[in-house]
Amino acid sequence: SLAAQDHPALPPVVLELLLERPREFTEAGLRAAVKVAFGVDLPTEVEDDAQEFVVVREGMGVVKVHDVMLLVHNPPVQRFLHPLAAAMACRDPAVADAVREHRGYATVMRIGDDVEPATAHRQVARFGAALLAADVLAVGFVGTDVLVAPPDDLAERLRSADPLAALTPRRGAGGSLL
């Protein structure tokens, strides 16, 4: 693919959400997120030859809509093995609190390397915005060492044309380098 030729060994685009506690994703919940993120109503029954679907098995969800395939994972553990030590490395007190207090996390990863990284970031972030709820303590793209404690405009930032830049801390933006 074009993206793979231009960037031979790009890591996958992954958005992580630090959660107050582990959250169980259901097929119905992920279908609702697809509706919000992409404006598509997916059927509740998945046919064998379906081109668009949501399937959840053993804590992992696979979402396929349009040309986007996403893996949604919510392991029943904390993101940081040593949250207190990780929190001490945070510059922003709100992010430090999120790192210290989270008890679960979820990730949204784009499967496939058939699009440019900026497109993959937009797709993952748009779906992540649809998963936002009161239990989300912080979000960030894996590999950037940046987490953002949810400001009032977090969903808007995630749905922006450049969500990676929108989550990058600016003076007073409520982010923190880890």
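As shown above, the structure is provided for reference.
Residues numbered from 1 in each chain as written. Predicted model: local features only at pLDDT ≥ 70, side-chain atom pairs only at ≥ 80, totals over all residues. Heavy atoms only, no water.

**Side note on helix α5 (residues 117-130)**
Inclusion rule: A run of DSSP states H or I qualifies as a helix once it reaches four residues; a run of E qualifies as a strand once it reaches two. Both are numbered from the N-terminal end. Any helix carries an expected span of 1.5 Å times its number of residues minus one. When a residue's accessible area, from a 1.4 Å probe over protein chains only, is under 20% of the maximum for its type it is buried; when over 50% it is exposed; and in between it is partly exposed.
Its 14 residues place the ends of α5 20 Å apart at the C-alpha level, agreeing with the 20 Å of an ideal helix rising 1.5 Å per residue. Within the sequence span of α5, burial applies to A120, H121, Q123, V124, A125, F127, G128 and A129.

**A few points about the pattern of salt bridges**
Applied cut-off: By definition here, a salt bridge exists when the distance from a side-chain nitrogen of Lys or Arg to a carboxyl oxygen of Asp or Glu is within 4 Å.
Applying the stated criterion across every chain yields a total of eight salt bridges. Among the ionic pairs, R100 bridges to D97, the shortest N-O distance being 2.3 Å. Note that R100 and D97 are positioned in helix α4 (residues 93-101) at a spacing of three residues, about one turn of the helix. Overall, R100 belongs to the partly exposed group, its relative accessible area being 32%. Put simply, D153 and R157 hold a salt bridge, and the shortest N to O gap is 3.1 Å.

**Considering the packing of aromatic side chains**
Geometry of an aromatic ring pair is reported as the spacing of the ring centres plus the angle between the planes. Using the following cut-off: Stacked, edge-to-face and tilted are the three classes for Phe, Tyr and Trp ring pairs, Trp counted by its six-membered ring, which pair at centre distances within 6.5 Å; planes under 30 degrees apart are stacked, over 60 edge-to-face, the rest tilted.
Considering all chains together, one arrives at one aromatic pair under this definition. Judged by centre distance (6.3 Å) and plane angle (15 degrees), the rings of F38 and F127 are stacked. Here the residue F38 occupies a position in helix α2 (residues 27-38), and F127 occupies one in helix α5, the gap between them amounting to 89 residues. We note that F38, like F127, is buried.

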